[in-house]
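Observations on chain architecture
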Amino acid sequence: MLPITLLSVFGIAGLFLGFKLSKPTMSLLTVLFIAISALVFFVPYDFPAELMGNMMVFDKFGVAFSLISLFIALLIIPMLGNFNEKEFAQPAEYYSIILFSLVGVVMMSTFNHVLALFLGVEILSISMYVLTGSDKKNIRSIEASLKYLLMGSFATGFLLFGIALLYAATGGFTLAGYTAYIANNINQVSPIFYLGLLLLMIGLLFKVSVAPFHFWAPDVYDGAPIPFTAFMSTVVKMAGFAALYKVISVSMVGLFDFWWTTLAICALFSLLIGNLVAANQTSFKRLLAYSGISHAGYLLISVTTAREGSDYDLLFYSFSYALASVLAFYVLDAVAKATGSEDLDALKGFAKSNKFLGFVLTVSMLSLAGLPLTGGFIGKFLIFSSAIEVQRMAWLVFAGIMLSVVGAYYYIKPVAAAYFKEGYTGGEVEISSGKRFAIAAAVMLTVVLGILPVVFSLFYDAI
Amino acid sequence: MSVKILASLIPLLPFLGFIINGLGFRTIGKSLAATIGVSASVLSFGLSVWLFAAMTGSGVTTQEIHLFNWITTENTNISFSFLIDHLTLLFLLVVTGVGSLIHLYSAGYMHDDEGFGKFFSFLNLFLAAMLLLVMGNNFLVMFIGWEGVGLCSYLLIGFWNKNTAYNNAARKAFVMNRIGDLGFLLGIFLIYITFHSIDYNTVFSQALAGSPGEGVMVAITLLLFVGAIGKSAQVPLYTWLPDAMAGPTPVSALIHAATMVTAGIYMVIRANVLFSLAPFTLEFIGIVGLVTALLGASIGLLQNDIKKVLAYSTVSQLGYMFLALGVGAFTSSYFHVMTHAFFKALLFLGAGSVIHGMSGEQDIRFMGGLKSKMPITFITFLIATIAIAGIPPFSGFFSKDEILAQVFVHSPVMWGLAVVGSLMTSFYMFRLLFLTFFGTFRGTHQQAHHLHESPLSMTLPLLVLAVLSAAGGLINFPQLFGGGQWLAHFLAPVLGGEAHVAHLDHSTEWMLMGISTVGALASMGVAYSLYISKKQVPASDAVEKGMLSRLVYNKYYVDEIYDTLIVKPLSSLGSLISEFIDTYLVDGIVQLAGGLTIWVGRQMRYLQAGNTGFYVFSMVLGILIILTFNLLF
Amino acid sequence: MTEIPEIIRLVPLQHFMLLSAILFCIGVVGVLTRRNALIIFMSIELMLNAVNLMLISVSSYHSDSAAQVFVFFIMAVAAAEVAVGLAIIVMVYRNTRNIDVDFLNNLKW
Amino acid sequence: MNALYLTLIPIIGAFVIYMAGSKNAKYLALFFSLAILGFGLSTLLSFNPEGGLQGVWSMPWLPKAGLYLAFGIDGISILPILLATLITPFIVITTFDKKLYREELFYALIILAQGLMIGSFTALDSFLFYFFFEASLVPVIFISAIWGGANRIKATLKFFIYTVFGSLFMLFALIFLYGETPGAHSGLIADFHKLELSSTVQAVLFACFFIAFAIKTPVFPFHTWQPDAYTEAPATGTMLMSGIMLKMGLYGFIRFLLPITPLAVSEYGHIAIILAVTGIIYGSLAAVRQGHAKRLLAYSSFAHVGLIAAGILVFSKDGLSGSLFHMFSHGINVVGLFFVVEIIASRTGTFELDKLGGITSQARWLSITFVVLMLGSVALPLTNGFVGEFLLLFGLYQYNPLIGFFAGTTIILGAVYMLRLFQKTMLGNAGSHVKNFADLSATEKWVLIPLAILVVTLGVYPEPLMKLTEPAVKQLIETHYLGR
Amino acid sequence: MAEKLFYFLSFLSILSALMVVFSRNPIHSVLYLILTFFSLSGHYVLLNAQFLAVVNIIVYAGAIMVLFLFVIMFLNMKTESEKPLSWLMKLSGTLAGGLLLVIFVGVIKQADRFVPSEVDFNSQVGLVENLGAVLYRDFLVPFELASVLFLAAMVGAVMLGRREVGERNF
């Protein structure tokens, strides 16, 4: 609870400080704010339960998810540097909105009462609508914002209708209530409950851009300014999965037989669409967007598995995916700045004049492709090795593994362009020290997660 | 020094010669290279003689020398060991003896060649490999030598490697040999599987003790014989041998007449126990041998290249040897191997001497009247011709006659055919002799001017070989003439399988001898009348020939048939694979799979048309499907 | 404690739920068949109101106040969403002079 | 510990080389490769063939999941490890005469590739194996795609995608097996070996493993990446791929396929063997008419490894011993031959056989070494090639004489295409591109002469190497072979 | 009586909701939507949720819809501004919505009829007093956090809605 409070306060404070402070200072300050809020998780202080009203539970899962989300957000903050240079940019607002949206993230990761979920989703979504459209002179950004808004609120409608139906069936809003209802009526679950569950699930699937509810994602990711795309495809997605996992895999696990096929098929479709369409992209940014859909598919496999330890798998995978994505977006940001293009062709020969970023790109792509030496591989391993325990999901595991080959194909394309081809038009890209720090941290972590994944379980055990 | 070391030195010395000359090529002077090469072979000849003397003196018939384990796995153990017995000793003597002479000859013959040192090194390597072949105590060591001599044959045929035709000939020889080698290798596998060993002693004693069944024996021996077919140039794998004449003449003499090509015979004699247990194979060998003998001889009738004639003659003579093997006359076969080694080496060296004198000319149509210019060559060549024609009292008569006698016992029909072959032999050899040495010189003026007798290093071996060719028959002098058949007795311990050879009564034997001798003389007469009396010279290639003679002149078109039936189809298959099947079919499927995946992705991509209405509609559609699916089913 | 209101006794809860479902679906149809961003947005508001109706009716039948507070939050959120949404629509209009969603398809494939 | 050092030192070395800059890169690379070779030799000296698994080092990797960072050496892996340590110094030296773009990266990648490849041989945990199996692709890909020929990117990508595609099958199989292990699960290969799986499951796993390793090796019809990749890669990349990398596939057959799915091997092994043998003939025939020297060698390598794969799948002592030995000798021969071809191409500027010829009279040392390597490749007795091929063919012949015969045609066809290669490049009249051909330089001699000596030495006296593998092969067969 | 009122209000709300969707003129849509809200407020009153009925009027009909109206008038939207959709899309859209409704109806009809028991029924839950107590006790945290939402929305709306240099007002 304390981190949420702090984030809100810092957000407000940021708005005011924005009048006085320069852009780099704001950036640094925001990093500091987020870091403090994250550290506060470790302060052994609990709000009185009666004040909490059972809205949120700061359990291991929620705290871990919140922490890594905050950490990823921390890594993304320096990326705003380029965007902040636009003449209409309002850095203080961006930072504050990000801080506010992080409140939503923490709420989604730790909710117990679906109202907290709903509020969290909305805080996050509304912030994202705004941030997506923040490149105000760019028609693509605006279009993305509108599409996101319309489809997002449409999905929210389904989410709410689901919640309402669940309420009609169970008379409550808490996850514990749902679990209890299932336990008490295991043989005569009301059809209304089923319907509500499905609609709630659909609402959340939309938020995490799982096929067939993924249509918004490529366009929105494509249109949004790069740092916010990075934010959306990592932090927002992670929060969505945390919520989905809590709702479906934890509280509804008694109805596993009911929902697993749906999720499995959605996962399959995400993998298919994400991978196959990404393979046809010429724009690096859009490629990353589709790759996000395919990773949603992998994460959904973990959600569907719903076994003991799946939470850890989910966490690990999201973290490694987010790290790699952030790196990819950093590279994209640099290339876009240098060449003015977000296409794959803009990357041609990029690594020759930008050795560091070339290396970063390689690490990131390898991790996203799930090749060894990187966290992406361990993440995939964890997910698949859990999923294989559920015998009937073997086909999904097989499909997931096999579709990685398509992933390998399109992830290697940027690397191949950067290293093996000629024709880079931009010069050497200046990387500010903040960015350098963030990138270095993410690279290190990606590699460390790949080679010594023990580190992550140490972190997890420490919470 | 122990026998082990000395025996090992026999192949090792030439091998060292090979290393020294091979690595020092172009840095070692010619005389030194010759010294090294010749002395290596002479030394190993000396050692062989010593070994021969030591073993016959002490009465030891066999001696095994274990050197080291070569290939060992959990259930296979193949050692690198030597077996010295009487058969080996005889081959050692022939190989090193003839080999030394030819080394000596080469020192003169190759003197002006820039690859002099290389030549000696290869020659030494050949000697080493050939010695390994005959010294091994198991089939695989024989196989080492077997392939080793094949390699040397390749290297030496293509010795003048700027000439593409020579290179092709070399390649052809190696590849054809390899076809046989595969059979040999498979035979070795089958032997191993049957007897769990490939040591001669173990295999033979087991085969004698309890035969594993005739079928298996036939299979083993047929496979081994395939190896022999390749190495010893029998039908159908004989075509490489005439082409092999591309190599320098000493090579033809040593490898393609005296030693390497007889390796097949050595192998059959060595494995006589196995072959005797497979009568079918023996019959088959006999037929193959007979066919080869006739085919080779008939082609030889009309060839004009001095070396080609000799080459076909070799093919034909090898056929006789196999014929002998086929009727179970292993001693006779070996006897012929030995005499053939003498007189055929002599013929080749003589031919080499002629070619040397003629500055490289090999076509007998452009020779003639050389007997006065090259007397030593002429006389030795004459001796060899008489020997090969089977006219008494030279060695060829005895060895060939023994074979014919044994064949007669086996089957008079085969004998009849064999005699026909022998008549042809006599004819083409005398044709060769007459065209080359008699009459008037038909070459260019320049050649005539240059014509000379060869140097001593070349004529000395000729003389030695002439003596051997003349007197070689003594070694197995038939009982008929009061001889003791020393060779037969000497080889008896080795030939476990020859027990059944029948003996003819003397009158039949006399008759057979008479027929073949008279026939040979008659053929000589025909040749004399044609080429001396009528002074005919074979027509030039441009002249139209009768169908039969054209067929024979073009070697029955066997090369062309092989080319169209085997080489061309395989090589077009190769082109087809590498240019079409691999890129378009096999890889096509791969590319198609990849392409299809991408294509599907591209189609899916069109769903993402940027149309919010459609997006929302798809979402609702998705919801509908999920709801229907979950709530109805 | 107190008397059950007439409507709760007479009208089955299902009818309220049906009404709510009907309104919700009308909202969905509106989203699906209209291309004016504002009207789509209004349809979405309609859907939210359907949810509100559902929650309130169930809440009243169960005499549980939590859902009504929930509705309160939904209204608040809806208001916030509308504020942002209208800002975005205005921004779109400023840049394109059009708020037809089909008109906007720069982002595709 | 040795196993760990062997894996780790090159990886560290690669970083050192990269950091040290391009000036001393080649010498540092040579230093490291020699150091590893020394280390490999000392490992060899201390290796006890009867001692089973040795030099073990392990620590938990993913403790909860039962994965270990476990390294060790046994009789199966000792030869591939030795090969990797032995070949790399030569590969490094081959480039000494050249001026390369970004040398520090180049040499770092070579040494890194070596480390990762050794890692795949020393890994005792299946996922660690997979890890190295995939990771070793990365440096090789980079070497090929940065320093390669004109079509390098396309060929390299194809290679990459194809291999990854294959190894994903393996990943599936490994994950499945992992799920089958009792209790808290374990990824150790040894634990996989203990599993008793039903025949259907084995069949599926067999298919997965076979595809994975067949692509890596490659076995017909999964080979089509190979000619392109070998041709387009720089010589160094080709050597790494053909010399060491493809051994990972063969090693995988022995390590995974045979012991884990013995039932399926006895049931479906013949299909795989027939494919492999088809590949021998197919590859040989394709090589026979090949006009591009490197492509010819690529097909030849494909044919040879087909034989090795077939020999492995026979699952007999002869086949396995032979395959392990032949893996070793194939590595030596193929590296040597590719280097020879590279030398010729770098001096004449072409790989086209029709434009070459007549080199032998100008380059004696090249001729000698080329002949020796060629003889090793055509498996002439007393060269290293023969020992392996003999055992492999023997194993195949015992399996089925007809298959043995078809596999045996490699003896004939091998001679056909290798002699053609030799003749077209070295013999005859000087080709259009052959002018003033310089004989081997000192550094080139340092590569080719030792390799040639190895070819002969191993052929004459293979026993020490055979002894290394014998107990392990015996143990493998006795524990897992089920007859057919 | 209450029953009839319910059905009347239901009819009214459905009709006006349909009109929202089918009106060509956006202003009509807005007005019909307001009508829908009013009828829904009527339902709320019937259900004893007077507080929410009032809030609904104030927030929705009063604030939100007026905002809509303003925007429409600012943008000066004409009826024709919307390109008519193809009948196919319209049909399929309607069909999809109809199918969705069928599923909902099917599910809801299957549900057991709920009859509140006389014993623990509380008609006072919808009153402001009661709600206030719940809101500030159980829902305190979300209540406070809703302010974050508002703040974010406000900042965002201002940020996006602000006219940049060189941009037109509307």
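What counts and what doesn't
Residues numbered from 1 in each chain as written. Chains lettered and ligands numbered in written order. Predicted model: local features only at pLDDT ≥ 70, side-chain atom pairs only at ≥ 80, totals over all residues. Heavy atoms only, no water. Helix = DSSP H or I, 4+ residues; strand = E, 2+ residues; numbered from the N terminus. Rg over C-alpha atoms; globule rule 2.2 N^0.38 Å. Buried < 20%, exposed > 50% of the residue type's maximum accessible area, 1.4 Å probe, protein only. Areas by Shrake-Rupley, 256 points an atom, 1.4 Å probe, with all protein chains shown as cover. Contact = heavy atoms within 4.5 Å. Pairing = 2+ DSSP bridges. Buried area = accessible area lost by both parts, 1.4 Å probe. Salt bridge = Lys/Arg side-chain N within 4 Å of Asp/Glu carboxyl O. Polar contact = N/O pair within 3.5 Å; in protein donor to acceptor, adjacent residues only side chain to side chain. Nonpolar A, V, L, I, M, F, W, Y, C, P; charged D, E, K, R; others polar. Axes fitted to C-alpha atoms, helices over the stretch in contact; angles between N-to-C directions. Parallel < 35°, antiparallel > 145°, perpendicular 65-115°, else oblique. Phe/Tyr/Trp six-rings, centres within 6.5 Å; stacked < 30°, edge-to-face > 60°. Lys NZ or Arg CZ within 6 Å of the ring centre and 35° of its normal. Core = buried A, V, L, I, M, F, W, Y, C linked by side-chain atoms within 4.5 Å. Expected span 1.5 Å × (residues − 1). Bend = angle between axes of the 7 residues up to and from the residue. pLDDT = per-residue confidence, 0-100.

Some thoughts on the overall build of chain E
Looking only at helices and strands, chain E features six helices and zero strands. When the helices and strands of chain E are read in sequence order from the N terminus, they spell out α-α-α-α-α-α. Relative to a compact globule of 170 residues, whose C-alpha radius of gyration would be 15 Å, chain E shows 21 Å and is clearly more extended. Within chain E, buried positions represent 45% of all 170 residues. Of the roughly 8,600 Å² that chain E leaves accessible, carbon and sulfur atoms contribute 71%.

Considering the overall build of chain B
Scanning chain B for helices and strands turns up 26 helices and two strands. Overall, the C-alpha framework of chain B stretches about 115 × 65 × 55 Å when taken along its three principal axes. Out of the 633 residues in chain B, the part that is buried amounts to 62%. Intrachain contacts of chain B at a sequence separation of at least 6 include 81% that bridge at least 24 residues.

A look at the pairing of strand 1 (residues 63-72) of chain B
Residues and elements named next belong to chain B. One ladder, built from eight bridges, connects strand 1 with strand 2 (residues 77-84); its direction is antiparallel. Counterpart to N69 in the pairing with strand 2 is S79. Linking two consecutive strands that pair antiparallel, namely strand 1 and strand 2, is a turn of four residues.

Some details on the interface of chain C and chain B
The interface is formed by eleven residues belonging to chain C together with twelve residues belonging to chain B. Taking both sides of the interface into account, the surface hidden between chain C and chain B amounts to around 860 Å²; carbon and sulfur atoms contribute 63%. Of all residues in chain C, L32(C), D102(C) and W109(C) bury the most surface against chain B, accounting for 58% of the area lost on that side. At the boundary of chain C and chain B, one finds zero salt bridges. Counting every contact that joins chain C to chain B gives zero residue pairs in polar contact (both at pLDDT 80 or more). Across the side of chain C that touches chain B, the residue classes break down as seven nonpolar, one polar and three charged.

Brief notes about the interface of chain E and chain C
In this complex, chain E contributes 91 residues to the contact, which on the side of chain C involves 80 residues. At the boundary of chain E with chain C, total buried surface from both sides reaches about 7,800 Å², with 75% on carbon and sulfur atoms. Three residues, L47(E), F68(E) and F121(E), lead the burial of chain E against chain C; their summed loss comes to 9% of the area buried on that side. The interface formed by chain E and chain C holds zero salt bridges in total. The tally of links from chain E across to chain C stands at eight residue pairs in polar contact (both at pLDDT 80 or more).

Observations concerning the packing of helix 18 (residues 395-410) of chain B against helix 19 (residues 412-437) of chain B
All names here are of chain B. At their nearest, the axes of helix 18 and helix 19 sit 6 Å apart, and the two run at 155° to each other. Between helix 18 and helix 19, the angle falls in the class roughly antiparallel. Residues K400, L404, V407, F408 and H410 of helix 18 touch helix 19, and the partners they reach there are P412, M414, W415, A418, V419, S422 and T425. Partitioned by chemical class, the residues of the contact of helix 18 with helix 19 number eight nonpolar, three polar and one charged.

Here we look at the pattern of salt bridges
Residues and elements named next belong to chain A. Inspection of the entire model under this criterion finds 30 salt bridges over all chains. Between R286 and D222 there is a salt bridge; the shortest N-O distance is 2.9 Å. One end of the pair, R286, is in helix 14 (residues 284-305); the other, D222, is in helix 11 (residues 216-223), with 64 residues separating them in the sequence. A salt bridge links D333 to K435; its shortest N-O distance comes to 3.6 Å. Residue D333 is found in helix 15 (residues 310-339), and its partner K435 is found in helix 20 (residues 433-451); the two are separated by 102 residues along the sequence. Assessed through its relative accessible area of 7%, D333 is described here as buried. For K435, a relative accessible area of 8% puts it in the buried group. Residues participating in the shared-partner salt-bridge network are R140, E143, K147, D219, D222 and R286.

Describing the packing of aromatic side chains
Summed over the entire model, instances satisfying the criterion amount to 131 aromatic pairs over all chains. Taken together, a centroid distance of 5.7 Å and an interplanar angle of 90° make the contact between F127(D) and Y178(D) edge-to-face. Linking F127(D) in helix 5 (residues 126-135) with Y178(D) in helix 7 (residues 152-180), this pair joins segments that are 51 residues apart in sequence. Relative accessible area serves as the criterion here: at 0%, F127(D) is assigned to the buried category. Judged by its relative accessible area of 4%, Y178(D) falls in the buried class. Over the aromatic face of Y298(A) sits the side chain of K380(A), whose NZ or CZ is 4.5 Å from the ring centroid. One cation-aromatic arrangement involves K26(D) over F96(D); the distance from NZ or CZ to the ring centre is 5.6 Å.

So, the nonpolar core
If you look at the biggest cluster of nonpolar residues, it comprises 764 residues, and the most contacted ones within it are W259(A), F139(B), L140(B), L274(B), F209(D) and L366(D). In contact with W259(A), not counting residues within four places along its chain, are L197(A), M201(A), I248(A), S249(A), M252(A), V253(A), V303(A), T304(A) and A306(A). With 17 residues, the next largest nonpolar core counts L290(B), I403(B), A405(B) and M414(B) among its residues.

Notes on the environment of K371(B)
All names here are of chain B. Residue position: K371 is located in helix 16 (residues 370-373). The exposure class assigned to K371 is partly exposed, which follows from its relative accessible area of 37%. Note: C-alpha distance between K371 and T508 (137 residues apart in sequence) is 39 Å.

Some details on helix 3 (residues 50-75) of chain E
The first and last C-alpha atoms of helix 3 of chain E sit 36 Å apart over 26 residues, in line with the 38 Å expected at 1.5 Å per residue. Approximately 30° is the largest bend angle found in helix 3 of chain E, and it occurs at M65(E). Among all positions of helix 3 of chain E, only L52(E), A53(E), V55(E), N56(E), Y60(E), A61(E), I64(E), M65(E), F68(E), V71(E), I72(E) and L75(E) are buried. Contacts from the buried residues of helix 3 of chain E go to helix 3 (37-62) and helix 4 (66-96) of chain C together with helix 2 (26-46) of chain E.

Thoughts on the arrangement of the chains
Pairwise contact counts over the eight pairs of chains in contact peak for chains C and E. Separated in space, chain C and chain D share no contact, their closest pair of C-alpha atoms being 24 Å apart. Separated without contact, chain D and chain E have their nearest C-alpha atoms at a distance of 37 Å.

Observations regarding the pairing of strand 1 (residues 54-62) of chain D
Residues and elements named next belong to chain D. Taken together, the six bridges between strand 1 and strand 2 (residues 67-73) define a ladder with antiparallel strand orientation. In the strand pairing of strand 2, L62 is matched with L67. Counting the residues that bridge the hairpin from strand 1 to strand 2 gives four residues, and of these G66 lies at a positive phi of roughly 75°.

What about the environment of L241(B)?
Residue and element names in this part refer to chain B. Looking at the element boundaries, L241 is found in helix 9 (residues 240-243). We classify L241 as buried; its relative accessible area is 0%. Contact partners of L241, with chain neighbours within four places excluded, come to A233, H256, V261, A311, T314, V315 and L318.

Overview of the side chain of S454(B)
All names here are of chain B. Secondary-structure assignment places S454 in the loop between helix 20 (445-450) and helix 21 (456-471). Classification of S454 as buried rests on a relative accessible area of 6%. There is a polar contact of 2.7 Å between the side chain of S454 and the side chain of S353. Residues contacting S454, with those up to four places away along its chain left out, are S353, H356, M374 and T459.

Quick look at the confidence of the model for chain E
Residues and elements named next belong to chain E. Per-residue pLDDT for chain E has a mean of 85; in total, 95% of the residues score no lower than 70. Mean pLDDT values over the elements of chain E span from 86, in helix 5 (residues 128-137), up to 90, in helix 2. Overall fold confidence for the complex sits at a pTM of 0.90, while the interface term, ipTM, reaches 0.88.

Some remarks on unusual backbone geometry
The omega torsion of the bond from A211(A) to P212(A) falls at 5°, within 30 degrees of zero and hence cis. As for its position among the elements, P212(A) is in the loop between helix 10 (191-207) and helix 11. In this structure, P218(D) follows T217(D) across a cis peptide bond, with omega equal to -5°. Along the polypeptide, P218(D) turns up in the loop between helix 9 (199-216) and helix 10 (225-232).

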